[in-house]
Amino acid sequence: MLDVRRILLFTEVARRGSVTATARALNYTPSAVSQQISRLETEAGQPLLERHARGVTLTDAGRALAERGQRIERELQAAENELADYAGLRTGTLRIGTFPTVGASLLPQAVIAFRDAHPDVRLTVRSARIAGLWTMLENREIEMSLMWDYDWSRIDREDIVVTPLLDDPPALLVSDHHPLAGRDAASLADFAEDPWITRADHHPVAEALVRGCRAVGFEPHIAYEAHDYQEAQAMVAAGIGVALAPTLALEGIRPGVNVLPLQPPAPIRRILLVRMADHPLTPAALTFAGLLRDTAAARTDRSGTVLRSGPVSELGLF
């Protein structure tokens, strides 16, 4: 097979019409250039140049190869320009995954900042439950995904890189008419006798509620199983019971609902950024990850306390 580097060198000789001129331009010795051309002729199985005192003349085969060499030069330049566009975030596609509560809270600010800074990069966001996000990551349908875990179910796989972004503490939702609605904070134990509204279909927050209540000595009485947090809020406002919800799920509070920060012990979930370990991030993904980290670090809970966030660099994302 012909050596591409020798073809490019030969093309430069053809362009300049002289081995000496080519050597001078490329900072080679004339003998080094001549040796490479001779090797190329051996690979080609025929002469490519006719040498004379005033320079070189191309054979028919040499002219054909020089034309090919010019095309190779153009393709290589195009490849360099295209890669520069990706590195400079002037083109490309970024595919990320998320889940509903983060998609409605943490994610939008990062999306807006990314699109404002890099309008030529196409951004695609896929929202799903955890199982669906894992499938998309493993199938390379997305580059990275926002996920969550709790102390009792840490995400721990050797084939992934996990970067904690922030802790998302829970809050208690009570109706405005509840006797404890005026408090600045409360504990789960304060509601041992109350009926509870939880999430249906074995949702993780339902497990968090049960574990949290058992930790302070009671079993919650479940009065209603809701399919989303807006439905849970509606039932709280109607006085059916009280509810537990992560802070990031409380971007919009409906009338009649009072939010009480929860005193420890409380089941806190971590918000994470996850990628497959064998899938290095593109420049676009690295940039977006940085914006997510900035957004996470800047978020505050409703009392003005900054939620704890972790540096993205700690776990190898950057």
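Here the structure is a predicted model, which means the values were calculated and not measured.

### Side note on the pattern of salt bridges
Item 1. Going through the model one piece at a time under the given rule, you end up with 20 salt bridges.
Item 2. Between Asp278 and Arg140 there is a salt bridge, and its shortest N-O distance comes to 2.5 Å. Note that Asp278 is positioned in the loop between β12 (269-276) and α10 (283-298) and Arg140 in the loop between α7 (130-138) and β5 (144-149), a separation of 138 residues in sequence.
Item 3. Residue Asp278 is classed as exposed on the basis of its relative accessible area, which comes to 56%.
Item 4. Here Arg211 ties to Glu207 by a salt bridge, and the two come within 2.9 Å at their closest N and O atoms. With Arg211 and Glu207 both in helix α8 (residues 204-215), this residue pair falls 4 residues apart, about one helical turn.
Item 5. On the accessibility criterion, Arg211 (39% relative accessible area) is partly exposed.
Item 6. Look at Glu207 and you get partly exposed, because its relative accessible area is 36%.

### Observations regarding the nonpolar core
Item 1. Residues Leu94, Leu146, Ile271 and Phe288 are the most contacted members of the largest nonpolar core, which totals 43 residues.
Item 2. Ranked by residues supplied to this core, first place goes to α10 with 6 residues.

### Let's talk about the packing of aromatic side chains
Item 1. Counted under the stated rule, the structure contains 4 aromatic pairs.
Item 2. On the numbers, 5.6 Å between centres and 75° between planes, the contact of Phe114 with Phe288 is edge-to-face. One end of the pair, Phe114, is in helix α6 (residues 107-117); the other, Phe288, is in helix α10, and 174 residues separate them in sequence.
Item 3. Judged by relative accessible area, Phe114 falls into the buried class, the value being 0%.
Item 4. A ring pair is formed by Tyr150 and Trp152, whose centres lie 4.7 Å apart and whose planes are at 5°; its orientation type is stacked.
Item 5. Taking the relative accessible area as the measure of exposure, Tyr150 reaches 4% and is therefore buried.
Item 6. An aromatic cluster is built from Trp148, Tyr150 and Trp152, whose rings are joined through pairwise contacts.
Item 7. Residue placement shows Arg199 over the ring face of Tyr229; its charged tip is 4.6 Å from the ring centre.

### Some remarks on helix α2 (residues 19-26)
Item 1. Considered for burial, the residues of α2 that qualify are Val19, Thr22 and Ala23. Here the buried residues of α2 occupy an arc of 100° about the axis, which is enough to place them on one side.
Item 2. Tucked inside the fold, the buried residues of α2 contact α1 (4-16), α3 (30-44) and β2 (55-58).
Item 3. One side-chain oxygen of the residue at the start of α2 lies 3.2 Å from the amide nitrogen of Thr20, identifying that residue as Ser18.
Item 4. Positioned one or two residues after α2, Asn27 has a phi angle of 65°, which is positive.

### Digging into α7
Item 1. Taken as a whole, α7 has its buried residues at Ile130, Leu133, Trp134, Met136 and Leu137. Along the long axis of α7, the arc covered by the buried residues comes to 165°, so they all point the same way.
Item 2. For α7, the elements touching its buried residues are β3 (93-98), β4 (122-127), β5, β6 (160-168) and β12.
Item 3. In the stretch just after α7, Arg140 is the one whose phi turns positive, near 65°.

### A look at the confidence of the model for the protein chain
Item 1. Taken as a whole, the protein chain shows an average pLDDT of 89; of its residues, 92% reach a score of 70 or greater.
Item 2. Segment residues 300-316: pLDDT under 50, and 37 contacts once partners within four positions in sequence are set aside and those in other chains are kept.

### Quick word on the side chain of Asp194
Item 1. Along the chain, the position of Asp194 falls in the loop between β7 (170-175) and β8 (195-199).
Item 2. Buried charge without a partner: Asp194 forms no salt bridge, and the closest opposite charge is Arg183, 10 Å away.
Item 3. At a separation of 2.8 Å, a polar atom in the side chain of Asp194 contacts the side chain of His178.
Item 4. Excluding residues within four positions of it along the chain, Asp194 makes contact with His178, His221 and Val242.

### What about the environment of Arg16?
Item 1. With respect to the helices and strands, the residue Arg16 is situated in helix α1.
Item 2. Under the relative-accessibility criterion, Arg16 is labelled partly exposed at 43%.
Item 3. Apart from the residues within four sequence positions on either side, Arg16 is in contact with Ala21, Thr22 and Ala25.

### Section: the sheet that holds β7
Within a beta sheet, neighbouring strands are joined by backbone hydrogen bonds and run either parallel or antiparallel to one another.
Item 1. Pairing in this open sheet of 5 strands is mixed, and the strands run β9-β8-β10-β7-β11 from one edge to the other. At either end of the open sheet lies a strand with only one pairing partner, and these are β9 (221-226) and β11 (257-261). Each adjacent strand pair in this sheet contributes to an overall mean axis angle of 35°, direction not counted.
Item 2. Where β8 meets β9, 5 bridges bridge the pair, whose relative direction is parallel. By the bridge assignment, Pro195 is partnered in β9 with His221.
Item 3. Seen against the sheet, α8 touches β8, β9 and β10 (242-246) and runs at an angle of roughly 145° to β8.

Rules used throughout
Residues numbered from 1 in each chain as written. Predicted model: local features only at pLDDT ≥ 70, side-chain atom pairs only at ≥ 80, totals over all residues. Heavy atoms only, no water. Salt bridge = Lys/Arg side-chain N within 4 Å of Asp/Glu carboxyl O. Helix = DSSP H or I, 4+ residues; strand = E, 2+ residues; numbered from the N terminus. Buried < 20%, exposed > 50% of the residue type's maximum accessible area, 1.4 Å probe, protein only. Core = buried A, V, L, I, M, F, W, Y, C linked by side-chain atoms within 4.5 Å. Phe/Tyr/Trp six-rings, centres within 6.5 Å; stacked < 30°, edge-to-face > 60°. Lys NZ or Arg CZ within 6 Å of the ring centre and 35° of its normal. Arc of directions from axis to C-beta. Contact = heavy atoms within 4.5 Å. Polar contact = N/O pair within 3.5 Å; in protein donor to acceptor, adjacent residues only side chain to side chain. pLDDT = per-residue confidence, 0-100. Lys, Arg positive; Asp, Glu negative; His and termini not counted. Pairing = 2+ DSSP bridges. Axes fitted to C-alpha atoms, helices over the stretch in contact; angles between N-to-C directions.

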